[in-house]
Amino acid sequence: VTGRAVDGAGNGIAGAAVYVGKVPNQWTRMQIDTPLTDAEGAFVLPNVAPEALLITTAHAGFAPGSAAIPAGGDVDNVVIEMLGGASLRARWHAE
């Protein structure tokens, strides 16, 4: 699987963590030589089985992005868009 993590303008997001899971809900952090996206936001996931997958990228300051790949689907040049995130601070008080 090859692809890029990009922001809303299509710019690559460097240093995003890349996760892959079997659909619907089994998650594993990929143990690859470079587990983060490169300076252009690119990633390579070697030796991924040709089954239904959900690839997710995560980086501070952005909402996680995901791409679903059906079994036997195209696994080259997957583009995952990550939109700029916002922080939420809350305080909970029990009464």
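Residues numbered from 1 in each chain as written. Predicted model: local features only at pLDDT ≥ 70, side-chain atom pairs only at ≥ 80, totals over all residues. Heavy atoms only, no water.

**Some thoughts on the sheet that holds strand E7 (residues 78-81)**
Here comes step 1: Overall, mixed pairing links the three strands, which are arranged E4-E1-E7 in an open sheet. For this open sheet the edge positions go to strand E4 (42-44) and E7, each flanked by a neighbour on one side alone. The mean angle between the axes of side-by-side strands here comes to 25°, regardless of whether they run parallel or antiparallel.
Here comes step 2: Here strand E1 (residues 2-6) pairs with E7 via four bridges, running parallel. Bridge pairing in E7 links Val6 to Glu81. (Pairing = 2+ DSSP bridges. Helix = DSSP H or I, 4+ residues; strand = E, 2+ residues; numbered from the N terminus. Axes fitted to C-alpha atoms, helices over the stretch in contact; angles between N-to-C directions.)

**Thoughts on the nonpolar core**
One recurring pattern in soluble globular proteins: nonpolar side chains tend to sit buried together.
Here comes step 1: Formed by Val1, Val18, Val20, Phe43, Leu45, Leu53, Ile55, Ala67, Ile69, Val78 and Ile80, the largest nonpolar core amounts to 11 residues.
Here comes step 2: Listing elements by their share of this core, those giving two or more residues are strand E2 (17-22), strand E5 (53-58), strand E6 (65-69) and E7.
Here comes step 3: Not counting residues within four places of it along the chain, the set of residues in contact with Ile69 comprises Val1, Glu51, Ala52, Leu53, Ile55, Asp74, Val75 and Val78. (Core = buried A, V, L, I, M, F, W, Y, C linked by side-chain atoms within 4.5 Å. Buried < 20%, exposed > 50% of the residue type's maximum accessible area, 1.4 Å probe, protein only. Contact = heavy atoms within 4.5 Å.)

**A closer look at the environment of Glu40**
Here comes step 1: Take Glu40: it is sitting in the loop between strand E3 (26-29) and E4.
Here comes step 2: Residues Glu40 and Ile13, spaced 27 residues apart in sequence, show a C-alpha to C-alpha distance of 6.5 Å.
Here comes step 3: Non-local contacts of Glu40, meaning those with residues more than four positions away in its chain, are made with Arg4, Gly12 and Ile13.

**What about the pairing of E6?**
Here comes step 1: Residues Gly65, Ala67 and Ile69 point to one face of E6 and are all buried, whereas Ser66 and Ala68, pointing to the other face, are not buried.
Here comes step 2: Of the pairings in the sheet, the one linking E5 to E6 comprises five bridges and is antiparallel in character. By the bridge assignment for E6, Thr57 is matched with Gly65.
Here comes step 3: Linkage of E5 to E6, two consecutive antiparallel strands, is achieved through a turn of six residues, within which Gly61 is found at a positive phi near 90°.

**Observations concerning the environment of Ala71**
Here comes step 1: Along the polypeptide, Ala71 turns up in the loop between E6 and E7.
Here comes step 2: Linking Ala71 and Ala52, residues 19 residues apart in sequence, is a C-alpha distance of 4.1 Å.
Here comes step 3: For Ala71, the residues in contact, after removing those within four places along its chain, are Pro50, Glu51 and Ala52.

**Concerning the confidence of the model for the chain**
When pLDDT drops low, the exact placement of atoms in the prediction is not to be read closely.
Here comes step 1: In the predicted model, the chain carries a mean pLDDT of 82, and the fraction of residues at 70 or more is 82%.
Here comes step 2: Per-element confidence in the chain ranges from a low mean pLDDT of 53 for E3 to a high of 95 for E1.
Here comes step 3: pLDDT under 50 marks residues 30-34. Its contacts with residues more than four places away, or in other chains, come to nine contacts. (pLDDT = per-residue confidence, 0-100.)

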